[in-house]
Amino acid sequence: MSAPNIVNVATITGKTAVVSLSSTNATTIVSNAASSSKVFKINSITVANVDGTNAADITVSYYSQDDIGGTATEIVKTVSVPADSTLVVVDKNTSIYLEEDKSIGAQAAVANDLKVLCSYEEIS
């Protein structure tokens, strides 16, 4: 496993992942595979509450292995997102590098109320 030197990159590809949290289980948002030879720069993570009436709690975590394996380290934990509102979890001022064999996942307290949008750069 080796992350690329980000000073001498060959490509930077802008990507966006969108995930509807349809259960209360942890769900993968972005996963960087163990031998990808890439690093992902997470520029933003936003969580939208699509329920017009009720607030819903969200936990977003950084995982020590890809596919939300290993140890979870919370970025935000059980933060309430009001009805019809959006929470900014990560923005360009607080970006995160996701190295090989790492991932980011989210867990909703209520199924089908929250959607997560993650904008990132795939660097190789």
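Remember, it's a predicted structure, so these values are computed and weren't measured experimentally.

Draft legend 1. Expanded view of unusual backbone geometry. The backbone phi angle of Ser-37 is positive, close to 60°, even though this residue is not glycine. Relative to the elements of secondary structure, Ser-37 occurs in the loop between strand 2 (27–32) and strand 3 (39–49).

Draft legend 2. Up close: the pattern of salt bridges. For the structure shown, the criterion picks out two salt bridges. Glu-122 is the salt-bridge partner of Lys-15, the closest N and O atoms lying 3.6 Å from each other. Here Lys-15, found in strand 1 (residues 12–21), pairs with Glu-122, found in strand 9 (residues 114–123); they are 107 residues apart in sequence, far enough to count as distant. Take Lys-15: its relative accessible area is 31%, and that puts it in the partly exposed class. On the accessibility criterion, Glu-122 (14% relative accessible area) is buried. The residue Glu-122 makes a salt bridge to Lys-38 at a minimum N-O spacing of 3.0 Å. Taken together, the residues Glu-122 in strand 9 and Lys-38 in the loop between strand 2 and strand 3 connect sequence positions 84 residues apart. In the salt-bridge network here, residues are joined through shared partners; they are Lys-15, Lys-38 and Glu-122.

Draft legend 3. Inspection of the packing of aromatic side chains at higher detail. A full pass over the atoms with the stated rule returns one aromatic pair. For the pair Phe-40 and Tyr-120, a centre-to-centre distance of 5.2 Å together with 40° between the ring planes defines the contact as tilted. On the criterion of sequence distance, the pair formed by Phe-40 in strand 3 and Tyr-120 in strand 9 is long-range, its members being 80 residues apart. You'll find Phe-40 and Tyr-120 in the same group, each marked buried.

Draft legend 4. Fine view of the environment of Thr-13. Residue position: Thr-13 is located in strand 1. Of the residues examined, Thr-13 reaches a relative accessible area of 35% and is grouped as partly exposed. Separated by 108 residues in sequence, Thr-13 and Glu-121 have C-alpha atoms that sit 5.5 Å apart. Not counting chain neighbours up to four residues away, the residues in contact with Thr-13 comprise Tyr-120, Glu-121 and Glu-122.

Calculation notes
- Residues numbered from 1 in each chain as written.
- Predicted model: local features only at pLDDT ≥ 70, side-chain atom pairs only at ≥ 80, totals over all residues.
- Heavy atoms only, no water.
- Helix = DSSP H or I, 4+ residues; strand = E, 2+ residues; numbered from the N terminus.
- Salt bridge = Lys/Arg side-chain N within 4 Å of Asp/Glu carboxyl O.
- Buried < 20%, exposed > 50% of the residue type's maximum accessible area, 1.4 Å probe, protein only.
- Phe/Tyr/Trp six-rings, centres within 6.5 Å; stacked < 30°, edge-to-face > 60°.
- Contact = heavy atoms within 4.5 Å.

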